[in-house]
Protein chains: 2
Amino acid sequence: MKLVSPGEAAANTNMSDKAGEDLVRIGEMAKKYGVTLRTLRFYEDKGLLNPQRDGSTRLYTRRDKARLKLILLGRKVGFSLRDVKQMMDLYDPTGSNTKQLRLALDKSEKQLARLQKQRALIEEAINELSNSMAAVRQMLAERSAPQASAAG
Amino acid sequence: MKLVSPGEAAANTNMSDKAGEDLVRIGEMAKKYGVTLRTLRFYEDKGLLNPQRDGSTRLYTRRDKARLKLILLGRKVGFSLRDVKQMMDLYDPTGSNTKQLRLALDKSEKQLARLQKQRALIEEAINELSNSMAAVRQMLAERSAPQASAAG
DNA sequence: TATAGAATTGACGTAAACGTAAAGGGTGCA
DNA sequence: TGCACCCTTTACGTTTACGTCAATTCTATA
């Protein structure tokens, strides 16, 4: 049962059962989104992805791609995979998803606060480090040119 | 052999052998610098601190305090303990410490670059997250007031 | 003397997101 | 037929800076 043979996959013109099902195997999926195979399997193991199977071979659909995009966005903004899963698990294609959206908003507000705190910490660190570097440069300068100075 | 009894420690007026040796035990040291006992022992285990001993009891000197301050500063600006140790290990009380200072400066420059990159990433994250939140709020608004709209 | 308060060493546990083998199947092509 | 790839599962390893017992000892004090 050949669905997408390697090589043909890139120029995929297969219009099988459903129009444009566009199934890809793990290798192509990984390349397409810049992640490793291990990562995709890991996400699946954590319940974040759920690709079809052709025998034992994973086949990722359009929906898997959408989910992966969300996961990667979530990771980028600093959510844990656990958070991402919680939010995605609330998705219901038949409903208004009000609950999901509210949860996402709630988590996002908290995450935004965390990010802002982190940014503040990093700026503090940058300032402290810059000060230290200035002091070190000063000491080095004094060592290379030990002229008379009032400093102890 | 009593050196610093608890309670007396705070109002320490003991001028023993060397003037103002100012030895403190681990509990007071921890409180003074806002770290746990575990942390102090851990730092010692990693070769970052080297307190004296009264039998089996650790006694921290003025020098240990100076070193701990440096460790905490290092951690604050994002150095690993390994980095901190490398830098401190080069300290030689009899020399000019040019090598140490150069190493510190070198590491600091790299760390500064990392911090700046991190800051950039965090700001990207903040922006992306803010955008997502706006979109979610939009969707929620549409759900609570589903008037006619052109949006799909 | 009994109790409460420090200290000690030793050693396993934790978090997060994968990395990295190891051992093995399936397939198209020269 | 056999390489060259792609895929699979299982499972231990990695990183960092400690946290958290556990079992014991020491000491001051009421």
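This structure is a prediction, so every number in the text was calculated from the model and none was measured.

Criteria and cut-off values
- Each chain carries its own residue numbering, running from 1 in the direction its sequence is written.
- For naming, the first written chain is A and the first written ligand is 1, with later ones following in the order written.
- For this predicted model, a pLDDT threshold of at least 70 governs which residues receive local features, and a threshold of 80 or more governs which side-chain atom pairs are given and counted, while totals over whole chains, interfaces and linings are taken from all residues.
- To qualify as a helix, a DSSP run of H or I must reach at least 4 residues; to qualify as a strand, a run of E must reach at least 2; elements of each kind are numbered from the N terminus.
- Working definition of burial: number of other C-beta atoms within 10 Å of the residue's own, with buried at 20 or more, exposed at 12 or fewer, and partly exposed in between, all C-beta atoms being placed from the backbone.
- A pair of residues counts as a contact when their C-beta atoms, built from backbone coordinates, are within 7 Å of each other.
- Overlaid copies result from least-squares superposition on C-alpha atoms, with residues included only where pLDDT is at least 70 in both.
- Put plainly, near means the residue's C-beta atom, positioned from the backbone, lies within 6 Å of the molecule or strand in question.
- As a working rule, the residues Ala, Val, Leu, Ile, Met, Phe, Trp, Tyr, Cys and Pro are called nonpolar, Asp, Glu, Lys and Arg charged, and the rest polar, with Gly in that last group.
- Axis definition: a line fitted to C-alpha atoms, limited for helices to the stretch in contact. Angles are taken between N-to-C directions and run from 0 to 180 degrees.
- Just so you know how the angles are binned, under 35 degrees is roughly parallel, over 145 roughly antiparallel, 65 to 115 roughly perpendicular, and the rest oblique.
- The sense of a crossing depends on the near helix, which, turned anticlockwise from the far helix by less than a right angle, makes the crossing left-handed and, turned clockwise, makes it right-handed.
- Multiplying 1.5 Å by the residue count of a helix minus one yields the expected span of that helix.
- Our arc is simply the arc of the directions from the helix axis toward the C-beta atoms.

A. Quick peek at the overall build of chain A. The helix and strand tally for chain A stands at 5 helices and 2 strands. By residue count, 17% of the 152 residues in chain A fall in the buried class. For chain A, the proportion of contacts with a sequence separation of at least 24, taken over those separated by at least 6, is 38%.

B. The arrangement of the relation of the copies chain A and chain B in detail. When chain A is fitted onto chain B, the two copies agree to an RMSD of 0.1 Å after a turn of 180 degrees and an axial shift of 0.0 Å. Taken together, the rotation and translation relating the two chain copies correspond to the operation of a two-fold axis. Among all residues of chain A, the minimum C-alpha distance to the rotation axis is found for A:R119, at 3.1 Å.

C. Looking closely at the protein's contact with DNA strand D. Lining the immediate surroundings of DNA strand D are 20 residues, of which A:R25, A:G27, A:R58, B:R38 and B:T39 lie closest. Elements that contribute at least two residues to the surface near DNA strand D include exactly helix 1 (26–33), helix 2 (37–45) and strand 2 (57–59) of chain A together with helix 2 (37–45) and helix 4 (81–89) of chain B. Among the residues forming the surface near DNA strand D, the class breakdown is 5 nonpolar, 7 polar and 8 charged.

D. Looking closely at the interface of chain A and chain B. Taken together, the 29 residues of chain A in the interface contact 29 residues of chain B. Elements with a contribution of two residues or more to the side of chain A that touches chain B: helix 3 (62–76) and helix 5 (98–144) of chain A. Per-element tally for the side of chain A that touches chain B: the top contributor is helix 5 of chain A, with 24 residues. Of the residues that constitute the side of chain A that touches chain B, the class distribution is 15 nonpolar, 8 polar and 6 charged.

E. Summary view of the packing of helix 3 of chain A against helix 4 (residues 81–89) of chain A. Residues and elements named next belong to chain A. One can describe the packing of helix 3 onto helix 4 by two numbers: an axis separation of 10 Å at closest approach and a directional angle of 140 degrees. Considering the angle they form, helix 3 stands oblique to helix 4. Judged by the sense of rotation from one axis to the other, the crossing of helix 3 with helix 4 is right-handed. From helix 3, R67, L70, I71 and G74 reach across to helix 4, where they touch D83, V84 and M88. Residues of the contact of helix 3 with helix 4, tallied by class, amount to 4 nonpolar, 1 polar and 2 charged.

F. Highlighting helix 3 (residues 62–76) of chain B. Residues and elements named next belong to chain B. The end-to-end C-alpha separation of helix 3 is 21 Å, in line with the 21 Å expected for 15 residues at 1.5 Å each. Along helix 3, the residues that are buried comprise D64, R67, L68, I71 and G74. Along the axis of helix 3, the buried residues cluster in a sector spanning 120 degrees; they form a single face. Seen from the buried face of helix 3, the exposed residues on the opposite side, beyond 90 degrees, are R62, A66 and K69. Of the residues flanking the end of helix 3, it is G78, one or two places downstream, whose phi is positive at about 95 degrees.

G. Molecular detail of the protein's contact with DNA strand C. The immediate surroundings of DNA strand C are formed by 20 residues, with A:R38, A:T39, B:R25, B:G27 and B:R58 found nearest. Counting residues per element, the ones that place at least two in the surface near DNA strand C are helix 2 and helix 4 of chain A together with helix 1 (26–33), helix 2 and strand 2 (57–59) of chain B. Among the residues forming the surface near DNA strand C, the class breakdown is 5 nonpolar, 7 polar and 8 charged.

H. Looking closely at the environment of A:T39. All names here are of chain A. You can see T39 is positioned in helix 2. Judged by the 16 C-beta atoms lying within 10 Å of it, T39 is partly exposed. Residues T39 and Q111, 72 residues apart in the sequence, show an inter-C-alpha distance of 23 Å.

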